[in-house]
Amino acid sequence: MLDLRDDAVIRSWLTERDPTRLETLWEAADRVRAAQVGDEVHLRGLIEVSNICRRACAYCGISVHNKAIERYRMNREEILDCARRAKELGFGTVVIQGGEDPGLTGPFIADCIRAIKAEVNLAVTLSLGERTDDELALWREAGADRYLMRFETSNPVLYAKIHPAVANCPSLDRIAMLRRLERLGYEVGSGVMVGIPGQTWDDLVQDLRTFQSLDLDMIGIGPWLPHPATPLAKDIEAFDTPDQQVVNDKLTTLKMVALTRLLVPDANLPATTALATIDKDQGRELGLMSGGNVIMPNLTPPRYRVLYELYPDKACVNETAEECDVCLRGRIARIGRTVGVGPGQSPKQRRKAAQQSNANRGAA
Ligand code: SAM
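The structure displayed is predicted, hence computed values, not measured ones.

Student: In this structure, what is going on with the packing of helix α1 (residues 7-15) against helix α10 (residues 250-263)? I would like to understand it.
Tutor: The angle between the axes and the distance between the axes are what describe a pair of packed helices. Remark: α1 packs on α10, axes separated minimally by 9 Å, with the N-to-C direction vectors making an angle of 150°. Of the possible angle classes, the one that applies to α1 and α10 is roughly antiparallel. Handedness of the α1/α10 crossing: right-handed. Across from Ile-10, Trp-13, Leu-14 and Thr-15 in α1, the residues of α10 making contact are Lys-255, Met-256, Leu-259 and Leu-263. Residue composition of the contact of α1 with α10, grouped by class: six nonpolar, one polar and one charged.

See below:
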């Protein structure tokens, strides 16, 4: 096990480029992954329910900055159809993700969750951005199991730049919201982008420390990828920190995944689509071999999928759900891993449940 108590050590791993030394990092992360979460790779079927978004995030291709894109919102039956497909393909979880779309109302999402639970009884993860406490409580009561919301960067100054407040829609403190989600009983996921213009190596160290302090169930890490319709891509020099700038490349992303596995050993870590986008041949496999244990195959109907354009040339955009499933299962098998069965609950939740039952036994 590598000793990562010192921030300077983490920083030196992040900037390390020597392949022989890096072998130590990959091996340590893979060993901890095998010991903590095993060889199973859990598949979470992703349903991109809406590309309508009220936010002005400077990085995101479906933000209000993109005036050219056609907008869509899936209806209840379309969402249920995707959930049925997830069940047929043997996935244990569906992830309902979208822009921050006011048309995805509290009652509408609650109704979709109840219908999914009643018909296919899969675990339901939501990823719908910053929502009110009442909505989050309503969805939890309706049966939602998990909520995913990246804090994107732990640097508050950079975050305010890339995630500005918009009229009639205050920007919530995402860290505080993640803590509220945990209190509501959700399994909580978050994450960051790597190589955001203006992000420094010390910011990445703080991101890793924030993962630790939040004790997250799931942590998604992907490279920032420039979308030409966004301010970050159009005006990159206005954001850049020339001496300290983190690179948005595959190697840095993989190092972040590996260090996250070592620092939060029992979290679920996806090999992200953004990582698969910068290396279409090997990105998923490398993510899984650097500490990852989750993949989110895309179930969105192809006519909508092309419109959920967070960044150009997104991996898997032109495949059907079945093609995506076959491809990913092949990739998992080729690296000697197996596909997980069931909901793939976070090991941290099992640890918490065991601690609770021990406490109850002690009290009896
Ligand atoms: N609206 C919800 C939210 O903000 O959490 C969920 C959807 S949002 C599009 C999902 C994630 O996509 C974001 O958390 C962000 O990290 C990622 N993303 C958006 N634009 C990106 C880009 N240009 N490059 C890489 N990742 C991006």
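Student: Would you mind going over the side chain of Arg-174 with me for this structure?
Tutor: Along the polypeptide, Arg-174 turns up in helix α7 (residues 174-183). Arg-174 sits in the buried class, given a relative accessible area of 9%. In this structure the side chain of Arg-174 is engaged in a polar contact, spanning 2.8 Å, whose partner is the side chain of Glu-130. Once residues within four sequence positions are removed from consideration, Arg-174 is found in contact with Glu-100, Glu-130, Met-149, Arg-150, Phe-151, Glu-152, Tyr-159 and His-163.

Student: Quick question: what am I supposed to make of the site of the ligand here?
Tutor: Lining the immediate environment of the ligand, one finds 18 residues, of which Tyr-59, Gly-98, Arg-150, Glu-152 and Leu-225 sit closest. One nitrogen or oxygen atom from the side chain of Glu-152 is found 2.5 Å from an oxygen atom belonging to the ligand. Contact between the ligand and Leu-225: a nitrogen atom at 2.7 Å from a main-chain N or O atom of the residue. Class assignment for the residues of the shell around the ligand results in ten nonpolar, five polar and three charged.

Student: Quick question: what am I supposed to make of the packing of aromatic side chains here?
Tutor: Aromatic rings in a pair are described by how distant their centres are and how their planes are angled relative to each other. Scanning the model with the defined rule gives three aromatic pairs in all. Between Tyr-147 and Tyr-186, the ring centres sit 5.9 Å apart and the planes meet at 85°, which makes this aromatic pair edge-to-face. Of the two residues, Tyr-147 sits in strand β4 (residues 146-148) while Tyr-186 sits in the loop between α7 and β5 (187-194), which places them 39 residues apart along the sequence. For the pair Tyr-147 and Tyr-186, one class covers both residues: buried. For the pair Phe-151 and Phe-211, a centre-to-centre distance of 5.6 Å together with 55° between the ring planes defines the contact as tilted. Note that Phe-151 is positioned in the loop between β4 and α6 (156-162) and Phe-211 in helix α8 (residues 201-214), a separation of 60 residues in sequence. As far as burial versus exposure is concerned, Phe-151 and Phe-211 are alike and both buried. Sitting over the ring of Tyr-186, Arg-140 keeps its end group 5.8 Å from the ring centre. One Lys or Arg, Arg-303, reaches over the ring of Tyr-304 and ends 4.7 Å from the middle of that ring.

Student: Help me understand the packing of α8 against α10, please; the structure alone is not making it clear to me.
Tutor: Their axes nearest at 10 Å, the elements α8 and α10 cross at an angle of 35°. The two elements α8 and α10 meet at a crossing, and its hand is right-handed. Taking contact as the criterion, the partners of Trp-201, Leu-204, Asp-207, Leu-208, Arg-209, Phe-211 and Gln-212 in α8 are, on α10, Thr-252, Met-256, Leu-259, Thr-260 and Leu-263. Here the contact of α8 with α10 is built from residues that sort into seven nonpolar, three polar and two charged.

Student: In this structure, what is going on with helix α3 (residues 76-88)? I would like to understand it.
Tutor: Because an α-helix completes one turn every 3.6 residues, residues spaced three or four positions apart along the sequence face the same direction. In a regular helix each residue adds 1.5 Å, so 13 residues correspond to 18 Å; α3 covers 18 Å between its end C-alpha atoms and thus fits that length. What α3 keeps buried is the set Glu-78, Ile-79, Leu-80, Cys-82, Ala-83 and Ala-86. The N-terminus of α3 is capped by Asn-75, whose side-chain oxygen sits 3.2 Å from the backbone nitrogen of Glu-77. Backbone geometry just downstream of α3 places Gly-90 in the positive-phi region, at approximately 85°.

Student: Sorry if this is basic, but what is going on with the pattern of salt bridges here?
Tutor: Side-chain pairing between opposite charges can occur once the charged atoms of the two side chains come close. A complete count under the given rule lists 31 salt bridges for this structure. We note a salt bridge from Arg-146 to Glu-187, for which the minimum N-O separation is 3.2 Å. Highlighted residues: Arg-146 in strand β4 and Glu-187 in strand β5, separated in sequence by 41 residues. Here Glu-187 falls in the buried class, since its relative accessible area comes to 10%.

Student: What is the right way to read helix α5 (residues 133-142) from this model?
Tutor: Glu-135, Leu-136, Trp-139 and Ala-142 are the residues of α5 that are buried. Within α5, the buried residues cover an arc of 125° as seen down the axis, which keeps them to one side. Pointing more than 90 degrees away from the buried face of α5 are the exposed residues Asp-134 and Glu-141. Looking at the packing, one finds that the buried side of α5 touches α4 (106-119), β3 (123-127), β4 and α7.

Cut-offs applied
Residues numbered from 1 in each chain as written. Predicted model: local features only at pLDDT ≥ 70, side-chain atom pairs only at ≥ 80, totals over all residues. Heavy atoms only, no water. Axes fitted to C-alpha atoms, helices over the stretch in contact; angles between N-to-C directions. Helix = DSSP H or I, 4+ residues; strand = E, 2+ residues; numbered from the N terminus. Parallel < 35°, antiparallel > 145°, perpendicular 65-115°, else oblique. Left-handed = near helix turned anticlockwise from the far one by under 90°. Contact = heavy atoms within 4.5 Å. Nonpolar A, V, L, I, M, F, W, Y, C, P; charged D, E, K, R; others polar. Buried < 20%, exposed > 50% of the residue type's maximum accessible area, 1.4 Å probe, protein only. Polar contact = N/O pair within 3.5 Å; in protein donor to acceptor, adjacent residues only side chain to side chain. Near = heavy atom within 4 Å. Phe/Tyr/Trp six-rings, centres within 6.5 Å; stacked < 30°, edge-to-face > 60°. Lys NZ or Arg CZ within 6 Å of the ring centre and 35° of its normal. Expected span 1.5 Å × (residues − 1). Salt bridge = Lys/Arg side-chain N within 4 Å of Asp/Glu carboxyl O. Arc of directions from axis to C-beta.

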